There are 2 protein chains.
Amino acid sequence: MATLKYSRQREAIKEFLAGTKEHPTADTVYMHVREEFPRISLGTVYRNLNLLADIGEITKITTPDGGDRFDAVTNPHYHVICTSCGRVIDLEMEPLDSIDKLAEKCFDGYIDHHTALFYGTCRDCMKKNTK
Amino acid sequence: MATLKYSRQREAIKEFLAGTKEHPTADTVYMHVREEFPRISLGTVYRNLNLLADIGEITKITTPDGGDRFDAVTNPHYHVICTSCGRVIDLEMEPLDSIDKLAEKCFDGYIDHHTALFYGTCRDCMKKNTK
DNA sequence: TTTGTTGCAAACCTTTTGCAGTCAT
DNA sequence: ATGACTGCAAAAGGTTTGCAACAAA
């Protein structure tokens, strides 16, 4: 297996991701990292995001619309997607690990873990819609 | 708003979907419906799948890998994805609607509903791996 | 006749990949 | 020197869309 080698590009990607709570898409990461590395390519961004996700330093979030999103927070947590503005927001709630066992009782096989995505409206959008 | 008009192609798509538990991708639907309608186009399949999903007659399931999958079963239920064979399998478990309220306590906004995807190994793959 | 639907093809968007050159070790 | 990493560009999915012909109402 390949030994990891230092790269400024990868460092910049990690740094940008660590500094935002916006769960950016690969393209958004690309746009921002490009300010520091104007010649970085989108391919490099994807390669590094996938690499970091593989070794567990970041998380990849699959959403129904648009592309995947990335999160520097790796401890398990749920997300809310605001159906009004499309933002993906962290949910400050303990994941319900116990439901894996619950699910296993209803499933012919083994359940390892789960992901959940909540759909709702964030405060900002609720305000806008009342105005 | 547009009034729906009958179409044999749409009927065939609904029928095929109703007759399988495999949660096929659009392409798989295309392959099968093409046996009855050799000239049907993939575009038509997509248009109808999206239309049916929009009016709530079928469900679209977003998975991390490959394309979206479609399900004729519209009453809310969870799915298990077998990390070994990639199949998407129905989970015969009541959705935990109560966790929406739980989640709302931890979220600054309104929570409407949620989806969940469990990751595990189906019985068939567990057998294969022991052999 | 009106209008939704279809087949076809082109376009789109996100993501991956082959390659030659570069950089970290 | 070795092998990982990069930029570039091309390609590969998966999905949408414009258009003229067609079919349901």
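In what follows, the structure referred to is the one given above.
Residues numbered from 1 in each chain as written. Chains lettered and ligands numbered in written order. Predicted model: local features only at pLDDT ≥ 70, side-chain atom pairs only at ≥ 80, totals over all residues. Heavy atoms only, no water.

### Quick word on the nonpolar core
Note that soluble globular proteins tend to have their nonpolar side chains buried in a common cluster. Worth spelling out the cut-off: For our purposes a nonpolar core is just a set of buried Ala, Val, Leu, Ile, Met, Phe, Trp, Tyr and Cys residues, chained together by side-chain atoms within 4.5 Å. Burial status follows relative accessibility: with a 1.4 Å probe on protein chains alone, a residue under 20% of its type maximum counts as buried, one over 50% as exposed, and anything between as partly exposed. Every helix listed is a DSSP run of H or I at least four residues long, and every strand listed is a run of E at least two residues long, numbered separately from the N terminus. It only takes one pair of heavy atoms within 4.5 Å for two residues to be counted as in contact.
By size, the foremost hydrophobic cluster in this structure holds 30 residues, and its most contacted members are Leu-91 and Phe-118 of chain A together with Leu-91 and Phe-118 of chain B. Those elements giving two or more residues to this core turn out to be strand S3 (79-82), helix H4 (98-105) and strand S5 (109-122) of chain A together with strand S3 (79-82), helix H4 (98-105) and strand S5 (109-122) of chain B. Ignoring sequence-local partners within four residues, the contact set of Phe-118 of chain A consists of Tyr-78, His-79, Val-80, Ile-81 and Leu-91 of chain A together with Ile-99, Asp-100, Ala-103, Ile-111, His-113 and His-114 of chain B.

### A few points about the interface of chain A and chain B
Put simply, the test is: Two parts placed together each lose some accessible area under a 1.4 Å probe, and adding up what both lose gives the buried area. We define a salt bridge as a side-chain nitrogen of Lys or Arg found within 4 Å of a carboxyl oxygen belonging to Asp or Glu. Any pair of nitrogen or oxygen atoms within 3.5 Å is treated as a polar contact; in protein, a donor-acceptor pairing is required on top of that, and neighbouring residues in sequence qualify only through side-chain atoms on both sides. Side-chain classes follow a simple rule in which Ala, Val, Leu, Ile, Met, Phe, Trp, Tyr, Cys and Pro form the nonpolar group, Asp, Glu, Lys and Arg form the charged group, and the remainder, Gly included, forms the polar group. The criterion for strand pairing is that DSSP finds at least two bridges linking the strands in question.
Facing the 32 residues of chain A at the interface are 32 residues of chain B. Buried area between chain A and chain B, both sides added, is near 2800 Å², and the carbon and sulfur share of it is 68%. Among the residues of chain A in contact with chain B, Phe-107, Phe-118 and Tyr-119 of chain A are the three that bury the most area, contributing 20% of the side total. The interface formed by chain A and chain B contains 2 salt bridges. In this structure, Asp-108 of chain B and Arg-123 of chain A form a salt bridge, with 2.8 Å as the shortest nitrogen-oxygen distance. Inspection of the chain A/chain B interface yields 10 residue pairs in polar contact (both at pLDDT 80 or more). Only H4, S5 and helix H5 (123-130) of chain A provide two or more residues apiece to the side of chain A that touches chain B. Here the side of chain A that touches chain B takes 14 residues from S5 of chain A, the largest share from any one element. Residue composition of the side of chain A that touches chain B, grouped by class: 19 nonpolar, 8 polar and 5 charged. Relative to S5 of chain B, S5 of chain A is paired through 13 bridges, and the arrangement is antiparallel.

### Concerning the protein's contact with DNA strand D
Inclusion rule: Put simply, a residue is near a molecule or strand once any heavy atom of it comes within 4 Å of that molecule or strand.
Near DNA strand D you find 23 residues, and of these Ser-7, Arg-10 and Thr-44 of chain A together with Tyr-46 and Asn-50 of chain B are the closest. Among the secondary structure elements, those contributing two or more residues to the surface near DNA strand D are helix H1 (8-18) and helix H3 (42-54) of chain A together with helix H3 (42-54) of chain B. When residues in the surface near DNA strand D are grouped by element, the largest group, 5 residues, is from H3 of chain B. Its residues assigned to classes, the surface near DNA strand D comprises 6 nonpolar, 9 polar and 8 charged.

### What to know about the relation of the copies chain A and chain B
Note the following rule: All copies are superposed by least squares; the fitting set is the C-alpha atoms of residues with a pLDDT of at least 70 in both.
At an RMSD of 0.0 Å, chain A and chain B line up after a rotation of 180 degrees and a shift of 0.0 Å along the axis. Each copy turns onto its partner about a two-fold axis. Relative to the rotation axis, the closest C-alpha in chain A is found at Ala-116 of chain A, a distance of 2.1 Å. In this assembly, 100% of the residues forming the interface of chain A have copies in chain B that are likewise at the interface, indicating an isologous arrangement.

### Examining the sheet that holds S5 of chain B
Put simply, the rule reads: Whenever a helix is involved, its axis is fitted only over the stretch in contact; in every case the axis is a line through C-alpha atoms, and angles between N-to-C directions fall within 0 to 180 degrees.
Spatially, 6 strands are ordered S4(A)-S3(A)-S5(A)-S5(B)-S3(B)-S4(B) in an open sheet, and the strand pairing comes out mixed. Every other strand in the sheet has two partners, leaving strand S4 (88-90) of chain A together with strand S4 (88-90) of chain B as the edge strands with one partner each. Here the average twist between neighbouring strands, direction ignored, is 30 degrees. In the packing of H4 of chain A onto the sheet, contacts are made with S5 of chain A together with S5 of chain B, and the angle to S5 of chain A comes to roughly 120 degrees.

### So, the side chain of Asp-100 of chain B
What counts here: Charged residues are defined narrowly, with Lys and Arg counted positive, Asp and Glu counted negative, and His plus the chain ends left uncounted.
Along the chain, Asp-100 of chain B falls in helix H4. Buried charge without a salt bridge: Asp-100 of chain B, with Lys-101 of chain B as the nearest opposite-charge side chain at an N-O distance of 7.1 Å. Discounting chain neighbours no more than four positions away, the residues touching Asp-100 of chain B are Phe-118 of chain A together with Ile-111, Asp-112, His-113 and His-114 of chain B.

### Considerations on the protein's contact with DNA strand C
Tyr-46 and Asn-50 of chain A together with Lys-5, Ser-7 and Arg-10 of chain B are the nearest of the 23 residues found near DNA strand C. In DNA strand C, atoms within 4 Å of the protein come from the sugar-phosphate backbone in 73% of cases. Within the contact set of DNA strand C, a base nitrogen lies 3.4 Å away from a side-chain nitrogen or oxygen of Lys-5 of chain A. Between DNA strand C and the protein, one listed contact pairs a phosphate oxygen with a backbone N or O atom of Ser-41 of chain B at 3.2 Å. When residues of the surface near DNA strand C are traced back to their parent elements, those giving at least two are H3 of chain A together with helix H1 (8-18) and H3 of chain B. In terms of residue count, H3 of chain A provides more of the surface near DNA strand C than any other element does, 5 residues in total. Split into classes, the residues belonging to the surface near DNA strand C amount to 6 nonpolar, 9 polar and 8 charged.

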